[in-house]
Amino acid sequence: MERIKIKKLLSSDKPIEQVLFKGWVRTRRDAKSFSFIEVNDGSCLKNIQVIADETIPHYTDIQKITTGSAVSVTGKLIESKGKGQRWEVAAENVQIISIAPENFPLQKKRHSDEFLRTIAHLRPRTNKYGAAFRIRSELAFTIHKFFNDKGFRYIHTPIITGSDCEGAGELFRVTTLNAGESDFDQDFFGKESNLTVSGQLSAEMFALSLGDVYTFGPTFRAENSNTSRHVAEFWMVEPEMSFCDLSGNMSFAEEMVKNLTVGILDRCAEDIELFARFVDKTLMATLENLISSDFVQLPYSEALKILEKTTEKFDYEVGFGKDLQSEHERYLTEKYFKKPVIVYDYPKQIKPFYMRLNDDDKTVAAMDVLVPRIGEIIGGSQREERLDVLETRMTASELPVDQYWWYLDSRRYGTVPHSGFGMGFERFLMMLTGISNIRDVIPFPRTPNTIDF
RNA sequence: UCCCCAGUAGCUCAGUCGGCAGAGCAAGUGGCUGUUAACCACUGGGUCCGCGGUUCAAGUCCGUGCUGGGGAGCCA
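Residues numbered from 1 in each chain as written. Chains lettered and ligands numbered in written order. Predicted model: local features only at pLDDT ≥ 70, side-chain atom pairs only at ≥ 80, totals over all residues. Heavy atoms only, no water.

Turning next to the pairing of strand E15 (residues 375–382). Counting buried positions along E15 yields six of eight residues, so the element is predominantly enclosed. Two strands pair when backbone bridges link them, and strand E14 (residues 363–371) and E15 are joined in this way by six bridges, in the antiparallel orientation. Note that in E15 the partner of Met367 across the bridge is Gly380. Hairpin connection from E14 to E15: three residues lie between these consecutive antiparallel strands, with Arg373 at a positive phi of about 75°. Sheet topology places E15 next to strand E16 (residues 418–424); five bridges connect them, and they run antiparallel. Note on E16: the bridge partner recorded for Gln382 is Ser419. (Buried < 20%, exposed > 50% of the residue type's maximum accessible area, 1.4 Å probe, protein only. Helix = DSSP H or I, 4+ residues; strand = E, 2+ residues; numbered from the N terminus. Pairing = 2+ DSSP bridges.)

Here you go:
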């Protein structure tokens, strides 16, 4: 007999004479002449209830089954005689695959996220984390589907890079040298190399050949960040589009955020419901608001005016040339507009060299998408396509221009306006689930001083 | 890296003014029951985060280190 997933069993529209399924026991309760066993196989949030009557083989062994044990069950799928579930399985045979001893850490009660983080290898067996990682998987699929439907090509940009290209923070060194050796000529690549902080520069080359492209892969930052929104290894989605200006970039970001949210609400309704009930009571209202409202498009200079006018007290003052602080961003998106806000045209001195210089010579065509509770979820820009302007800005930023010869080539040969952005995959998951710590939406989080599992 | 808070049973937490180490859940035993975070009774379970100090006496006060959390910066 073929094994059936519990998700399929529970969605059956009629009884089934013979079924076989396997999974892990969440709880067992003894009645007078039989035992209730709840089994979960990870295919969905819900467990299936098994009725193991005392007349079935090995009943005394079945009574020793503990939470966490693995079982294989055959029997009949019947309508439940009890309340609380439509279907249950009248077992004909319950085979114990393995018994979890009494020190199994997950108990039939609520555990704290902090505790579960210390057993990250077991936490996907809980309702909440099982749901979170099913949603994570579905979101990845939905992203690929969205881009594929839009005619974008998926580009695998390098994980190991040869220079401090992106200039976005501290890098993780990649080397085969031994400790104490620092002669990069003798290193594996013959020069200094690091883990990537962004696939953007590579993606630009492919946007300028395949048209619309995206990358979706791991990204590494060696920043000593200790917050609920930062990890050293995370995943980023980076679309890059030729013949697209900042306005098109912003519209596209909004369309993508909405499309992915709608997709997950549709594909993961049951799992999202868990978060709406137990993690964030305002989740559904927040997501409905996100889908139905037009995102605000707000020039940086206008954002400053709003922040200067308000009576809200801030720890940091605002002013042209100063980047918006978290408190400013949160005020704009959570209190002032109460919906997602795209701030654009930032002062050039606080943004990287590759962002296109505006005609005012003071701002660049940058844009950040801010959402309530999370803050910045997307950062992007129209790219500087003019060779002379780009070189000037690189020199001003004291970058080793010669190392970027290949990047500059794209501006020498058939350069065109193009735009793109990076979206934090984990931050998007936080927004979708209401989970407040980024360490809880990635299977095995990497943070300063922590590389367990 | 900076600021703030916390660390007590397997888990969640209480512990008053410095004076015998506690509860619920979990585990074990027994009972009851179409139960559903089942229920009832009993039993076992402690390096009070580590180190140092003050004191007749420290879970409690002081110093220090470690770990975790919240906030900030950096950013996605």
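After that view of the structure, there is still more to cover.
Right, let's get into the sheet that holds strand E7 (residues 160–161). As summarised here, the arrangement of the three strands in space is E7-E9-E8, forming an open sheet in which the pairing is antiparallel. Two strands bound the open sheet, and with one partner strand each, they are E7 and strand E8 (173–174). Alignment of E8 against strand E9 (residues 193–195), held across two bridges, turns out to be antiparallel. Bridging across to E9, Val174 finds its partner in Ser193.

Time to look at the pattern of salt bridges. In this structure the tally under the stated criterion is 28 salt bridges. Notably, a salt bridge pairs Arg134 with Asp271, separated by 3.0 Å at the nearest N-O pair. Of the two residues, Arg134 is situated in helix H4 (residues 127–149) and Asp271 in helix H7 (residues 269–278); the sequence distance between them amounts to 137 residues. Each member of the pair Arg134 and Asp271 is classed as buried. Between Lys351 and Asp368 there is a salt bridge whose closest N-O contact spans 3.4 Å. Placement of the pair is Lys351 in the loop between strand E13 (341–347) and E14 and Asp368 in strand E14, with a sequence separation of 17 residues. Of the residues examined, Lys351 reaches a relative accessible area of 15% and is grouped as buried. (Salt bridge = Lys/Arg side-chain N within 4 Å of Asp/Glu carboxyl O.)

Our focus in this paragraph is helix H12 (residues 405–412). Buried within H12 are the following residues: Tyr407, Leu408, Ser410 and Arg411. Taken around the axis of H12, the buried residues stretch over an arc of 140°, which confines them to a single face. Buried-residue contacts for H12 involve helix H5 (200–210), helix H11 (387–396) and E16. (Arc of directions from axis to C-beta. Contact = heavy atoms within 4.5 Å.)

A few words on a nonpolar patch on the surface. Side chains of Ile159, Ile160, Phe188 and Phe189 sit close together on the surface and give an oily, nonpolar patch of about 390 Å² of accessible area. Summarising the element assignment, Phe189 is placed in the loop between E8 and E9. For Phe189, a relative accessible area of 44% corresponds to the partly exposed category. (Patch = residues over 30% accessible without salt bridge, like charges linked within 9 Å, V, L, I, M, F, W, Y side chains within 5 Å. Areas by Shrake-Rupley, 256 points an atom, 1.4 Å probe, with all protein chains shown as cover.)

Counting 56 residues, the largest nonpolar core has Met367 and Ile378 as its most contacted members. In terms of residue count, helix H6 (residues 246–267) provides more of this core than any other element does, nine residues in total. The next biggest cluster of nonpolar side chains, apart from the first, holds 30 residues, and it includes Val318, Val343, Phe353 and Ala366. (Core = buried A, V, L, I, M, F, W, Y, C linked by side-chain atoms within 4.5 Å.)

As a further point, take the environment of Val343. Position of Val343 relative to the elements: it lies in strand E13. We classify Val343 as buried; its relative accessible area is 0%. Through-space distance from the C-alpha of Val343 to that of Phe141 is 29 Å; in sequence the pair is 202 residues apart. With sequence-adjacent residues up to four places away left out, Val343 is seen in contact with Leu298, Pro299, Tyr300, Ala303, Leu324, Leu332, Ala366, Met367, Asp368 and Leu370.

Inspection of the secondary structure assignment puts Arg446 in the segment after helix H13 (425–433). No salt bridge forms around the buried Arg446; measuring N to O, its nearest opposite-charge neighbour Glu233 is 4.5 Å away. There is a polar contact of 3.5 Å between the side chain of Arg446 and the backbone oxygen of Phe444. Looking at Arg446, its side chain comes within polar contact range of the main-chain oxygen of Phe453, at 2.8 Å. (Lys, Arg positive; Asp, Glu negative; His and termini not counted. Polar contact = N/O pair within 3.5 Å; in protein donor to acceptor, adjacent residues only side chain to side chain.)

With that settled, consider the protein's contact with RNA strand B. Around RNA strand B, a shell composed of 52 residues is seen, among which Lys83, Glu88, Thr227, His230 and Arg427 lie nearest. Backbone atoms, meaning sugar and phosphate, make up 48% of the atoms of RNA strand B lying within 4 Å of the protein. Contacts to RNA strand B include Arg221, whose side-chain N or O atom sits 2.8 Å from a sugar or linking oxygen. Mapped by element, the contributors of at least two residues to the surface near RNA strand B are strand E1 (16–30), strand E2 (34–40), strand E3 (48–53), helix H3 (113–118), strand E11 (233–242) and E15. If you tally residues by element for the surface near RNA strand B, the top one is E15, at four residues. Looking at side-chain class alone, the surface near RNA strand B contains 12 nonpolar, 21 polar and 19 charged residues. (Near = heavy atom within 4 Å. Nonpolar A, V, L, I, M, F, W, Y, C, P; charged D, E, K, R; others polar.)

As a further point, take the domain arrangement of chain A. As assigned here, chain A comprises domain 1 (6–98) and domain 2 (123–440). Averaged C-alpha coordinates put domain 1 and domain 2 at centres separated by 46 Å. Taken together, the contact pairs eight residues of domain 1 with seven residues of domain 2. Together, the buried faces of domain 1 and domain 2 total about 660 Å²; carbon and sulfur atoms form 41% of this surface. Where domain 1 touches domain 2, the interface holds one salt bridge. A salt bridge links Glu270 to Lys46; the nearest nitrogen and oxygen atoms lie 2.8 Å apart. (Domains from an automatic or database assignment. Buried area = accessible area lost by both parts, 1.4 Å probe.)

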